[in-house]
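Residue-level structure breakdown
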Amino acid sequence: MAAAIVMSTDLPVIVVGSGCTGAMAAQTLVEKGVRVLMLDGGVKETKYAPLIPSADFVTLRKTDEQQYRYLLGDALEGIPFGKVKTGEHLTPPRKFMTALTQQFIPLASENFMPLESLALGGLGNGWGLGCCVFSDKELQACSLNAGVMKAAYKTVAARIGISGTRDDAQPYTAAGLDGLQPSIQMDSNGKRLYAAYEKKRSRLQQKGFYMGRPSLALLTQPKQDRSPYPYHDMDFYSDASRSAYRPWLTIEALQKSPLFNYQGNLVVLRFSESDDAVTVTCLRTDTNETATFKGSRLVLAAGVLGTARIVLRSFDAYEHTLPVLSNPYSYLACIQPALLGRDTDAVKVGFAQLSLFWDKRGDNMDVPMGSVYSYRSMMLFHLLKDSPLGVKTAAAFLRYMQPAFTIVGLFHPEKYSPAKYLQLQKNSTRLTGDELQATYRLSFEEQNTVSETETAFTRALRQLNCFVLRKIEPGHGASIHYGGTLPFSKQNERFKLLPNGQLGDTQRVYVADGSGFTYLPGKGLTLSLMANAHAVADNLV
Amino acid sequence: MLNEAELKREIELFSRYLVAASPTPQAEMLYVRALQQQPVNDKLSQWVIRHPFLLPFADAATGLFGLQHPYRKKLIIAFAILETQPVFAHHFLPENAGYAKGFSLLLKGISSIIKALLGWPLLLL
């Protein structure tokens, strides 16, 4: 029984991964006086960040002679010429997020293109900052304890700092959270859309649509050593103000504690248990040599796919099938005609300015979410590739249209279905000796539901004088929301998680990422992932 | 593969077409580096260098092919590089213009379609 295991005073708790979940689990453990050893890929961005001056996007474009380096990249890696796929649009200063993944965490698939990271801070470096509290029904469908999660949401919110507004969207965003900072200001794109919503509120609400300001892990007031959002619109390039929460902020703070030990350049391969300890075997990314570490407990927070690899390898379960969940995702590229050729904004914001929810049954369950963005701090050449006109004419059109561009990122709820699964297969050509193979296909009914949702959002946006020009489907896995590989269960079974996050058929191994979630709501997932990670760590001691 | 002198002639031509000015030394250097790193071979560029008046027609005609046409790919690389030059920023940043501008753009669009039709034979090169 896990409860009979006594924590060794000599050995630390090992936390694998420094992303949103690893950072939260580690912070909880350290705050409880537990020694933590964090094992991490630890890739850092050091090339471009120092080049980016502290100024707004337009000023930089007009003045900075070195801008080509961080806008295009030294090897022009910022000009994606391939098919649109997950991560393709990361700006050069964000490309480090995916460094080394091909070599050390290979994935093969014909129909699933997830984004994984070995960076310090993991995928949290590219998080859109949207914070949503799941409803009781959603938590139940995720197999999460509502009481535990509600308390955990508050703890995490207080740590990371959240801005938001109590409005029509609040039941879907920051329900139950206190101490919200004021929302960021909207640009003319957001303001016009929201004004249209306010005029047509009752008609839209009759159809189940609710719009409001998103809750974002973004400061509008100072918090400790972090500054308010500076409206530089450099959100895809730089975190200089520290206004956006990134997990590396937590790691940086934890490194001041004598209880915390961070070891980078490591990819965890497997674990093995003995009577008094858990041993973790890693591959060093700088030397390709193996290294081992001993801990009293192991907390896996390597991301859903990373954790699946470690668990399958540790159980020598090659070719065993694990289910996987990933929210279907699409972009609606829209235009608000009233804003054509009207670049009058002083306020420019790269993060989501509005959220639109479709609660068609009115029960806060299976609610798809649209996040509304402007297209300001991106380069025109990204759009040229898709224009059928000549470059010169297309550029003139795009310049005129740019103030009116509105992008709606649409997240759909996700449930299990048979054609979504992972397997770890041996492959001697890989450094790790294996590769994860993924299959992901939506059933006919799921495809219909996605189409129906896109059509409903298109109609709702049209009512707000916002017209969809094009629907873009970047492929399965593009939502960067994954879960469900090791589902929560009350039975102590291999490849399942007990409600406290303990991996079935183990004594000392816990999982703090989204592997246990048995359902993924259409709402932003990250706050819930962090809350669960905190709850797992809190329960561990 | 084009040599450095030919690539410089190419970016000079593209820059004059796109921003009505010679490229900055930095843009010239970046274009040469980009095309030497990732060579893009097409006969159309060489033809257009010899007959610069054909450039707008080649641009319009290759629009429908997207990045699959090497000439279009080169022109977009040049565009991306010029977009990062502060001296040309005003050619690329959003502008505050009225509906009259929208009308003039419609005319430009029609003109582009005509140029694409006229430039179609260039794609046989």
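Structure: see above.
Keep in mind it's a predicted model, so treat the numbers as computed, not measured.

Reading guide: rules and limits
- In every chain, residue numbers begin from 1 and rise along the written sequence.
- Chain letters start at A and ligand numbers start at 1, both assigned in the order the entries are written.
- Where totals are concerned, whole chains, interfaces and linings use all residues; where local detail is concerned, this predicted model gives features only for residues with pLDDT of at least 70, and gives and counts side-chain atom pairs only at 80 or more.
- Only hydrogens and water are set aside when side-chain values are computed; all heavy atoms of the structure are taken into account.
- By definition, any uninterrupted DSSP run of H or I lasting at least four residues is a helix, any uninterrupted run of E lasting at least two residues is a strand, and each is numbered from the N terminus.
- Values of the radius of gyration come from C-alpha atoms, whereas the globule rule sets the reference at 2.2 Å times the count of residues to the power 0.38.
- Relative accessibility thresholds used throughout: buried, under 20% of the residue-type maximum; exposed, over 50%; partly exposed, between the two (1.4 Å probe, protein chains only).
- The Shrake-Rupley method, run with a 1.4 Å probe sphere, supplies the accessible areas, and residue values consider only the shown protein chains as cover.
- When charges are counted, Lys and Arg contribute as positive and Asp and Glu as negative, whereas His and the chain ends are disregarded.
- By convention, the point assigned to a charge is CZ for Arg, NZ for Lys, CD for Glu and CG for Asp.
- To be clear, the arc concerns the directions from the helix axis to the C-beta atoms.
- Any two strands with at least two DSSP bridges between them are considered paired.
- A pairing counts as a salt bridge when a side-chain nitrogen of Lys or Arg comes within 4 Å of a carboxyl oxygen of Asp or Glu.
- By disulfide we mean two sulfur atoms from cysteines, separated by a distance within 2.5 Å.
- The contact definition used throughout considers only heavy atoms, calling two residues in contact when any of these lie within 4.5 Å.

1. Focus: the overall build of chain A
If you tally the helices and strands in chain A, you get 14 helices and 20 strands. In terms of C-alpha radius of gyration, chain A reaches 23 Å, essentially the compact-globule figure of 24 Å for 541 residues. In terms of overall dimensions, chain A has C-alpha extents of about 70 × 55 × 45 Å along its principal axes. Each of the 541 residues in chain A was classed as buried or not, and the buried ones make up 63%. Accessible area for chain A stands at about 19,900 Å²; split by element, carbon and sulfur atoms hold 50% of it. Looking at charge distribution, chain A has the averaged site of its 57 positive side-chain charges lying 5 Å from that of its 49 negative ones.

2. Observations regarding helix H3 (residues 43-50) of chain B
Residues and elements named next belong to chain B. Here H3 has its buried residues at Leu44, Ser45 and Val48. For H3, the angular spread of buried residues about the axis comes to 100°, placing them on one side. Exposed side of H3, more than 90 degrees from the buried face: Lys43 and Arg50 are the residues found there.

3. Some words on the pairing of strand S9 (residues 297-300) of chain A
Residue and element names in this part refer to chain A. Side chains of S9 alternate between two faces, with Arg297 and Val299 and Leu298 and Leu300 buried alike. As judged from the four bridges shared by strand S1 (residues 13-16) and S9, these two strands associate in the parallel manner. Note on S9: the bridge partner recorded for valine 16 is leucine 300. Bridge count for S9 against strand S20 (residues 509-511) is three bridges, and the pairing is parallel. Note that in S20 the partner of valine 299 across the bridge is tyrosine 510.

4. Quick word on the pattern of salt bridges
Taken as a whole, this structure holds 33 salt bridges over all chains when the rule is applied. Where A:Arg313 meets A:Asp434, a salt bridge forms, and the shortest distance between an N and an O atom there is 2.7 Å. Pair noted here: A:Arg313 is in helix H10 (residues 304-314) and A:Asp434 is in strand S17 (residues 434-440), with a separation of 121 residues, a long-range link. For the salt bridge of A:Arg399 with B:Glu95, the shortest nitrogen-to-oxygen distance reads 3.8 Å. Placement of A:Arg399 in helix H12 (residues 391-401) and of B:Glu95 in the loop between helix H5 (70-83) and helix H6 (99-119) is noted, with the two residues assigned to different chains. A:Arg399 gets classed as buried once you look at its relative accessible area, which sits at 15%.

5. Notes on the state of the cysteines
All names here are of chain A. In this structure the tally under the stated criterion is zero disulfides over all chains. This cysteine, cysteine 131, is not joined by any disulfide, and cysteine 132 carries the nearest cysteine sulfur, 7.6 Å off. According to the relative accessible area criterion, cysteine 131 is buried, its value standing at 1%. Residue cysteine 132 is classed as buried on the basis of its relative accessible area, which comes to 3%.

6. Here we look at the side chain of A:Thr526
With respect to the helices and strands, A:Thr526 occurs in helix H14 (residues 526-540). Discounting chain neighbours no more than four positions away, the residues touching A:Thr526 are A:Cys20 and A:Trp127.

7. What to know about the pairing of strand S14 (residues 369-374) of chain A
On any regular strand, side chains alternate: one points to one face of the sheet, the next to the other face. Residue and element names in this part refer to chain A. Across the six residues that make up S14, a large majority, five, are buried. As judged from the four bridges shared by strand S13 (residues 354-358) and S14, these two strands associate in the antiparallel manner. Within the sheet, the bridge partner assigned to serine 355 lies in S14 and is serine 371. Pairing analysis gives six bridges linking S14 to strand S15 (residues 405-411), with the strands arranged antiparallel. Bridging from a neighbouring strand, methionine 369 pairs with phenylalanine 411 of S15.

Spatial relationships are all this shows, so hold off on functional conclusions.
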